[in-house]
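Each chain, written out:
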Amino acid sequence: MALAAWTLVVFAAFSCLTVFRGLISVDVLRETWIKRLIYFSAPLDPGLVGRTWAAHALHGAEAALILAAAWGAGAGALRLGRARGSWLASLGAGLALGGLAGLGAGLCGLFVPAFAWGRCAGGAALAAADRRRCAAGWAALAPALRPAGGEERALWRILALMGAVVLLMGLAPEGGWDPAYYHLRLPKLYAMRHKIFFVPWIFPSHYPQGIEMLYGLGWLLGGEPVAKLLNASFWPACGLATW
């Protein structure tokens, strides 16, 4: 446990440094709260801060809707296949089905906002019908998440720091090469043309596009911020899956 805690400390420190270095890069600075925090000489505009965080809240709600719809669809698929699994297994199955559904819609030329909203509405209805199972799953998981000693409490603080870093990365403008080149760029192009098409100047477009089509749902609902927050949500989901 101590080795794992120290490993997380080192990782969190490097993550913070990497994110800060990315945020102060000239090519990713925009007229947002990040720019206001870095350039302290600029006058603070409360209206800008309020509008920015209102947009963050809306994008977070849209990302949560995609996750809820994925969980509902996954739970329905497991019931249909007479398979048993936790609510986390339902979420994983629903995300996989969501990527495949986006892939099918893109191949059929139906990768449009109406498809994204319809899929989310249907999945959310299934999730609402199965909400008791989710509550039971959380009730079973809660005792295992409760820290039992000082070392575990320290580990939770480290995880909270890492979670703050991940959230900051999700809210900030994208500065990474891979996401800017194809992870976020390809689904944006597909969403703009409403279909999957050959993109010869982006060689990773030949790769399987399962997770990218999930980001495409984010693009269709609210743009890049929703796609990035959806990606950020995978961090706690993977942590819970390995708990």
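The structure presented is a predicted model; accordingly, all values stated were derived computationally and were not measured.

Conventions used here
- Residues numbered from 1 in each chain as written.
- Predicted model: local features only at pLDDT ≥ 70, side-chain atom pairs only at ≥ 80, totals over all residues.
- Heavy atoms only, no water.
- Helix = DSSP H or I, 4+ residues; strand = E, 2+ residues; numbered from the N terminus.
- Buried < 20%, exposed > 50% of the residue type's maximum accessible area, 1.4 Å probe, protein only.
- Contact = heavy atoms within 4.5 Å.
- Areas by Shrake-Rupley, 256 points an atom, 1.4 Å probe, with all protein chains shown as cover.
- Expected span 1.5 Å × (residues − 1).
- pLDDT = per-residue confidence, 0-100.
- Patch = residues over 30% accessible without salt bridge, like charges linked within 9 Å, V, L, I, M, F, W, Y side chains within 5 Å.
- Salt bridge = Lys/Arg side-chain N within 4 Å of Asp/Glu carboxyl O.
- Phe/Tyr/Trp six-rings, centres within 6.5 Å; stacked < 30°, edge-to-face > 60°.
- Core = buried A, V, L, I, M, F, W, Y, C linked by side-chain atoms within 4.5 Å.
- Axes fitted to C-alpha atoms, helices over the stretch in contact; angles between N-to-C directions.
- Parallel < 35°, antiparallel > 145°, perpendicular 65-115°, else oblique.

Engineer: Mind showing me how you'd approach the overall build of the protein here?
Structural biologist: When helices and strands are tallied, the protein shows 11 helices and 0 strands. What you see in the protein, going N to C, is helices and strands ordered as α-α-α-α-α-α-α-α-α-α-α. Every one of the 243 residues in the protein was classed for burial, and the buried ones make up 38%. Residue pairs at least 24 apart in sequence account for 68% of intrachain contacts in the protein once pairs closer than 6 positions are excluded. On the protein, roughly 13,600 Å² of surface is accessible, and the fraction owed to carbon and sulfur atoms is 70%.

Engineer: Can you walk me through helix α4 (residues 87-107) in this structure?
Structural biologist: Residues spaced three or four apart along an α-helix point in a common direction, a consequence of the helix completing one turn every 3.6 residues. In a regular helix each residue adds 1.5 Å, so 21 residues correspond to 30 Å; α4 covers 30 Å between its end C-alpha atoms and thus fits that length. Among the residues of α4, Trp87, Leu88, Ser90, Leu91, Gly94, Leu95, Gly98, Gly99, Gly102, Ala105 and Gly106 are the ones counted as buried.

Engineer: Honestly, the confidence of the model for the protein in this entry has me stumped. Any pointers?
Structural biologist: Close inspection of predicted coordinates is inappropriate in any region flagged by low pLDDT. With 74% of its residues at a pLDDT of 70 or more, the protein has an overall mean of 77. Note on residues 22-36: pLDDT is under 50 here. Beyond four places in sequence and across chains, it has 29 contacts.

Engineer: Explain the environment of Leu103 to me, please; I cannot follow it from the model alone.
Structural biologist: Residue position: Leu103 is located in helix α4. The partly exposed category is assigned to Leu103, whose relative accessible area is 29%. Residues Leu103 and Ile196, 93 residues apart in the sequence, show an inter-C-alpha distance of 7.9 Å. If near-sequence neighbours (up to four positions away) are discounted, Leu103 is found in contact with Ile196 and Met213.

Engineer: How should a nonpolar patch on the surface be read in this particular structure?
Structural biologist: A cluster of nonpolar side chains, namely Trp177, Phe203 and Tyr207, defines an oily patch on the protein surface of about 380 Å² accessible area. Following the sequence through the fold, Phe203 ends up in the loop between α9 (185-193) and α10 (210-221). What makes Phe203 partly exposed here is its relative accessible area of 49%.

Engineer: Looking at this structure, how should I read the packing of aromatic side chains?
Structural biologist: Aromatic rings considered in pairs are described by the distance between their centres and by the relative angle of their planes. Taken as a whole and assessed by the stated rule, the structure comprises 5 aromatic pairs. Each ring, one from Tyr181 and one from Phe203, has its centre 6.0 Å from the other, and the planes form 45°; the classification is tilted. Taken together, the positions of Tyr181 in helix α8 (residues 177-183) and Phe203 in the loop between α9 and α10 put the pair 22 residues apart, joining distant regions of the chain. Of the residues examined, Tyr181 reaches a relative accessible area of 16% and is grouped as buried. Centroid distance Tyr190 to Phe197: 5.9 Å. Interplanar angle 80°. Geometry classified as edge-to-face. Each member of the pair Tyr190 and Phe197 is classed as buried. Here a set of aromatic residues connected by ring pairs shows up, and it is made of Tyr181, Tyr182, Phe203 and Tyr207.

Engineer: Help me understand the nonpolar core in this model?
Structural biologist: Buried together is how nonpolar side chains tend to be arranged in soluble globular proteins. In terms of nonpolar packing, the biggest core is built from 38 residues, with Ile66, Phe111, Tyr190, Val199 and Ile202 touching the most fellow members. Only α3 (46-80), α4, α5 (113-129), α8, α9, α10 and α11 (224-241) provide two or more residues apiece to this core. Per element, the largest residue contribution to this core is 7 residues, and it comes from α10. In this structure, Tyr190 is in contact with Phe111, Lys195, Ile196, Phe197, Val199, Ser205, Gln209 and Met213, ignoring residues within four places of it in sequence.

Engineer: Can you walk me through the environment of Trp219 in this structure?
Structural biologist: Residue position: Trp219 is located in helix α10. Taking the C-alpha atoms as reference, Trp219 lies 9.9 Å from Val112; in sequence the two are 107 residues apart. Beyond its immediate chain neighbours, meaning those up to four positions away, Trp219 contacts Leu184, Pro187, Lys188, Ala191, Glu224 and Ala227.

Engineer: Just checking my understanding: could you explain unusual backbone geometry for this structure?
Structural biologist: Most of the time, phi is negative for any residue but glycine, and the peptide bond is trans. Here His194, not a glycine, exhibits a phi torsion of approximately 65°, which is positive. Note on placement: His194 falls in the loop between α9 and α10. Judged by relative accessible area, His194 falls into the partly exposed class, the value being 32%.

Engineer: Can you help me understand α10 in this one?
Structural biologist: Here α10 spans 18 Å end to end across 12 residues, near enough to the 16 Å set by a 1.5 Å rise per residue. Within the sequence span of α10, burial applies to Glu212, Met213, Leu214, Tyr215, Gly216, Leu217, Gly218, Trp219, Leu220 and Leu221. Trailing α10 by a residue or two, Gly223 shows a phi angle of about 95°, which is positive.

Engineer: Is there a simple way to explain the packing of α3 against α4 in this structure?
Structural biologist: Working note: a packed helix pair is described by the angle between its axes plus the distance between those axes. Following both chains from N to C, one finds α3 and α4 inclined at 100°, their axes separated by 6 Å at the closest point. The pairing of α3 with α4 is recorded here as roughly perpendicular in orientation. Between α3, through Leu67, Ala70, Trp71, Ala73, Gly74, Ala75, Ala77 and Leu78, and α4, the contact on the second element is made entirely by Trp87, Ala89, Ser90, Leu91, Ala93, Gly94, Leu95 and Leu97.

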